[in-house]
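Chain by chain, the residues run as shown.
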Amino acid sequence: QVQLVESGGGLVHPGGSLRLSCAASGFTLEDNAIGWFRQAPGKEREGVSCISRRDGSTFYADSVKGRFTISRDNAKNTVYLQMNSLRPEDTAIYYCAAAAVGHCHPDEYNYWGQGTQVTVSS
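Rules and cut-offs
- Residues numbered from 1 in each chain as written.
- Predicted model: local features only at pLDDT ≥ 70, side-chain atom pairs only at ≥ 80, totals over all residues.
- Heavy atoms only, no water.
- Disulfide = S-S within 2.5 Å.
- Helix = DSSP H or I, 4+ residues; strand = E, 2+ residues; numbered from the N terminus.
- Buried < 20%, exposed > 50% of the residue type's maximum accessible area, 1.4 Å probe, protein only.
- Contact = heavy atoms within 4.5 Å.
- Pairing = 2+ DSSP bridges.
- Axes fitted to C-alpha atoms, helices over the stretch in contact; angles between N-to-C directions.
- Phe/Tyr/Trp six-rings, centres within 6.5 Å; stacked < 30°, edge-to-face > 60°.
- Lys NZ or Arg CZ within 6 Å of the ring centre and 35° of its normal.

Once that is clear, we can look at the state of the cysteines. Throughout the structure, instances matching the rule amount to two disulfides. Residue pairing for C50: its cysteine sulfur links by disulfide to C104, the two sulfurs lying 2.1 Å apart. Its S-S torsion of about -95° marks the bond between C50 and C104 as left-handed, since a negative value means left-handed. Of this pair, C50 sits in strand β5 (residues 46–51) while C104 sits in the loop between β9 (92–99) and β10 (111–112), and the two are 54 residues apart along the sequence. If you count the bonded cysteines of the protein from the N-terminus, they pair up as 1-3, 2-4.

With that settled, consider the side chain of N77. Residue placement: N77 occurs in the loop between β7 (68–73) and β8 (78–83). Among the residues examined, N77 registers a relative accessible area of 15% and is labelled buried. Here N77 is in contact with C22, A23, A24, S25, F27, T28, L29 and E30, once residues within four sequence places are set aside.

So, about the sheet that holds β7. Pairing is antiparallel in the open sheet, where four strands are placed in the order β1-β3-β8-β7. Either end of the sheet is taken by a strand with one partner, and the two such strands are β1 (3–7) and β7. Looking at each pair of strands side by side, their axes are set apart by 15° on average, direction ignored.

The subject of this paragraph is the packing of aromatic side chains. As enumerated under the stated definition, the model contains four aromatic pairs in all. With a centroid separation of 4.9 Å and 35° between ring planes, the pair formed by F27 and Y111 is classed as tilted. In this pair, F27 sits in the loop between β3 (18–25) and β4 (33–39) while Y111 sits in strand β10, placing the two residues 84 residues apart along the sequence. Measuring from centroid to centroid gives 4.9 Å for F37 and W112, while their planes differ by 45°, and the two rings are tilted. Linking F37 in strand β4 with W112 in strand β10, this pair joins segments that are 75 residues apart in sequence. According to the relative accessible area criterion, W112 is partly exposed, its value standing at 31%. An aromatic cluster of three or more residues is present, and its members are F37, Y109 and W112. Residue placement shows R19 over the ring face of Y80; its charged tip is 3.9 Å from the ring centre.

Attention now moves to unusual backbone geometry. In this model, N77 sits at a positive phi of 55°, which is unusual for a non-glycine residue. In this structure, H105 takes a positive phi of about 60° despite not being glycine. Here H105 lies in the loop between β9 and β10. For H105, a relative accessible area of 56% gives the class exposed.

Among the structural elements, S52 can be located in the loop between β5 and β6 (58–60). Taking the relative accessible area as the measure of exposure, S52 reaches 5% and is therefore buried. Those residues in contact with S52, other than ones at most four positions away along the chain, are N32, A33, S57, R72, G102, H103 and C104.

Listed below in structure tokens is the structure:
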């Protein structure tokens, strides 16, 4: 069964850190570009970061650049999103998605996880 499962979310104080995981089963994430997205209440879904299939090049939204880092562990079939210097505006449900086309900014992502909640609050 094809599946993406996010984990690692939780409640953290401003300035804190979290590491999100996106674990794939039923397919090899190495063959896909993997993107992280987030959606806060009342806002549209936002692309946060992406790592490409071929050369591992990465993309970051301006809002998280310098604070978030995406990485991939092929042996574990898992992609991570390290989030540092978290701000209240980072509060959202975070989703990972896989694109078989293999590069970032595809026309369509093929698989989506169910999301993990990140809350940044004092």
